[in-house]
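# Secondary and tertiary structure notes
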2 protein chains.
Amino acid sequence: MYKGYMPDDRLFLAVDCIIFGFDDEDLKVLLVQRDFEPEKGKWSLMGGFLKKDETLDDAASRILYRLTGMHDIYLEQLYAFSDVNRDPVARTISTSYFAIVNIEKHHEKSTDNFKAKWFSLSKVPNLIFDHDEMLAKAVRRLRRRTSINPIGFELLPEKFTMRQLQKLYETILDKELDKRNFINKIKSMDILIKLKEKDMTSSTKGSYLYQFDQEKYDEKQTNDFYLKL
Amino acid sequence: MYKGYMPDDRLFLAVDCIIFGFDDEDLKVLLVQRDFEPEKGKWSLMGGFLKKDETLDDAASRILYRLTGMHDIYLEQLYAFSDVNRDPVARTISTSYFAIVNIEKHHEKSTDNFKAKWFSLSKVPNLIFDHDEMLAKAVRRLRRRTSINPIGFELLPEKFTMRQLQKLYETILDKELDKRNFINKIKSMDILIKLKEKDMTSSTKGSYLYQFDQEKYDEKQTNDFYLKL
């Protein structure tokens, strides 16, 4: 086991973050513009190198904080990318993470130090290195997660209408859902709190607002529950 | 991005493999006994170090081949474990993979060079380092995969009865399934070929044998299909 082969050349360990957001219209990803060679000017995922005394999770949190100013973001390790020539400068293995942030909250924070921009998934430009592949894998993982548990809620404002929730799922899954069917399935999950407040902007009658019931959600989480839309 | 922090001490990159098998009775995992310090004599996942010119996938295949003599095994990257002190000898980040092998086929090959042994999941001893955590994560991933697509078929002999298939799913998911319900769901997946042959060992009437239809399976794979048992 822990004898035998060791890398005899230097090798770098990076972390790259796929940061998803949702703005009532589109599923978006936050990219930064690279300001040094190679591939200067191209868009890239936000990344950085692992420090000596931190775990990969720590590194991902630090990188996210640096870009967004946000802590307590949903963050999940995605995949370690290790093609020998994936980075032309030096061999670099990158462990990717995907994060889900609330765009509204993000806008309060400064990202002035970076040329960062939200791109709709359908309008993402060609990215550096293998970052296209990382993004594609993250989208697949996000879709799978959303089918298995109500992860998508992280993308909504604290109070939301049923219509907003449906739109979110339609956007992530990239397909139209039947309204009645959707409402029934979501209600059967029993993880929402219906508020007395209404959102009056969408119609004169108004639409009830909902909140996500974290406690009930945590219970379900442990019992592997499924939402097949 | 690719400037800034680099690890300034040596750091090792390992790959550890969780190898699952099934023998009609139990879901099992293949472990090796460690023959050097620290933790000499304890059981461990099969692992090794990444070589200079290989990807993590290559390393996992090489390690599996070394232990089992088998190529073309179902292999999936699981997770990179990076706790700073996870290995007492030197900082080592290990990317774990899980593999699914057919125990029958494996028995044809020699593993004489290693003290390797199949353990039923319920009888796995304490493992070295964080290997218990790796195994637990692999079991959860396997269960999730099995609920989403028919991955479990890799664990069966080429021709199998419906009873064997149900037993496999019951073992992986660790719960009893209703026979009629199970058969209906499996049939609705439309990925089995019913053979004219029967297995005559289980009853005098015999049980039809089935084969897995790889082509139909590959079609479904691409369309995200779900099997909720």
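Parameters at a glance
- Residues numbered from 1 in each chain as written.
- Chains lettered and ligands numbered in written order.
- Predicted model: local features only at pLDDT ≥ 70, side-chain atom pairs only at ≥ 80, totals over all residues.
- Helix = DSSP H or I, 4+ residues; strand = E, 2+ residues; numbered from the N terminus.
- Buried ≥ 20, exposed ≤ 12 C-beta atoms within 10 Å, placed from the backbone.
- Contact = placed C-beta atoms within 7 Å.
- Pairing = 2+ DSSP bridges.
- Expected span 1.5 Å × (residues − 1).
- Domains from an automatic or database assignment.
- Nonpolar A, V, L, I, M, F, W, Y, C, P; charged D, E, K, R; others polar.
- Core = buried A, V, L, I, M, F, W, Y, C linked by C-beta atoms within 7 Å.
- pLDDT = per-residue confidence, 0-100.

What follows concerns the overall build of chain A. A count of helices and strands for chain A gives six helices and 10 strands. Put simply, chain A has 229 residues, and 29% of those count as buried. Sequence-distant contacts, at least 24 apart, represent 66% of the contacts inside chain A between residues at least 6 apart.

Attention shifts here to the sheet that holds strand β9 (residues 192-199) of chain A. Adjacent strands of a sheet pair through backbone hydrogen bonds, lying either parallel or antiparallel. Residues and elements named next belong to chain A. Pairing is antiparallel in the open sheet, where three strands are placed in the order β8-β10-β9. Strands at the two margins of the open sheet, each flanked by one partner only, are β8 (160-161) and β9. Strand direction decides the pairing type here: β8 and strand β10 (residues 207-212), joined by two bridges, are antiparallel. Looking across to β10, one finds that F160 is bridged to Y210.

A separate point is the pairing of strand β10 (residues 207-212) of chain B. Here strand β9 (residues 192-199) of chain B pairs with β10(B) via five bridges, running antiparallel. Bridge pairing links K198(B) to Y208(B) in β10(B).

Residues and elements named next belong to chain A. With 13 residues, helix α1 (residues 56-68) ought to run about 18 Å at 1.5 Å a step, and its terminal C-alpha atoms sit 18 Å apart, in line with that. Restricting attention to buried positions, one finds in α1 the residues L56, A59, A60, S61, I63, L64, L67 and T68. Downstream of α1 by one or two residues, G69 has phi in the positive range, about 70°.

Moving on: the domain arrangement of chain A. Residues and elements named next belong to chain A. What the domain assignment lists for chain A is domain 1 (12-148) and domain 2 (151-222). The C-alpha centroid of domain 2 is placed 27 Å from the C-alpha centroid of domain 1. Counting only elements with at least two residues in the side of domain 1 that touches domain 2, the list comes to β1 (12-22) and α3 (131-148). For the side of domain 1 that touches domain 2, the element with the highest residue contribution is α3, accounting for four residues. Class assignment of the residues belonging to the side of domain 1 that touches domain 2 gives a composition of five nonpolar, three polar and five charged.

The next subject is the sheet that holds strand β8 (residues 160-161) of chain B. Judged by pairing direction, the sheet is antiparallel, and its three strands sit side by side in the order β8-β10-β9 (chain B) without closing on themselves. What marks the edges here is a single partner per strand, and that holds for β8 and β9 of chain B.

All names here are of chain A. Here the residue pair E37 and P38 is connected by a cis peptide bond, since its omega of -5° sits within 30 degrees of zero. Tracing the sequence through the fold places P38 in the loop between β2 (27-33) and β3 (43-44). In this structure, F129 is a non-glycine residue whose phi angle is positive, near 50°. Within the fold, F129 resides in the loop between β7 (116-120) and α3.

Right, let's talk about the nonpolar core for a bit. If you look at the biggest cluster of nonpolar residues, it comprises 95 residues, and the most contacted ones within it are C17(A), I18(A), C17(B) and I18(B). Dropping the residues within four chain positions of it, C17(B) is found in contact with L45(B), M46(B), G47(B), A60(B), I63(B), L64(B), Y97(B) and A99(B).

What follows concerns the environment of Y74(B). Residues and elements named next belong to chain B. Residue position: Y74 is located in strand β5 (residues 74-81). Sequence-wise, Y74 and G47 are 27 residues apart; in three dimensions their C-alpha atoms are separated by 17 Å. In this view, Y74 contacts A99, I100 and E154; residues no more than four positions away in its chain are not counted.

Our next topic: the environment of F160(A). All names here are of chain A. Turning to its location among the elements, F160 is positioned in strand β8. Expressed as a C-alpha distance, the spacing of F160 and K194, which sit 34 residues apart in the sequence, is 9.8 Å. Once you skip the residues sitting within four places of it in the chain, F160 turns out to touch L165, L209 and Y210.

Glancing now at helix α5 (residues 179-189) of chain A. Across the 11 residues of α5(A), zero count as buried, placing the element largely on the outside. Remark: D190(A) follows α5(A) within two positions and exhibits a positive phi of approximately 55°.

A separate point is the environment of W118(B). Residue and element names in this part refer to chain B. Within the secondary structure, W118 sits in strand β7 (residues 116-120). Residue W118 is classed as partly exposed on the basis of its 16 C-beta neighbours within 10 Å. Each C-alpha atom of the pair W118 and D199 lies 26 Å from the other, and the pair is 81 residues apart in sequence. When residues no more than four places from it in sequence are discounted, the contact partners of W118 are G21, K28, L30 and I103.

Attention now moves to the confidence of the model for chain A. All names here are of chain A. Across chain A, pLDDT averages 84, with 86% of residues at or above 70. Here helix α2 (residues 103-108) is the element of chain A with the lowest mean pLDDT, 66, and β3 is the one with the highest, 96. Confidence drops under a pLDDT of 50 for residues 1-8, and excluding neighbours within four residues, the segment shows 18 contacts in the predicted structure. Every residue in residues 222-226 scores below 50 in pLDDT, and together they form four contacts with partners more than four places removed in sequence or on other chains. For this predicted complex, the interface score ipTM comes out at 0.81, alongside a pTM of 0.83.

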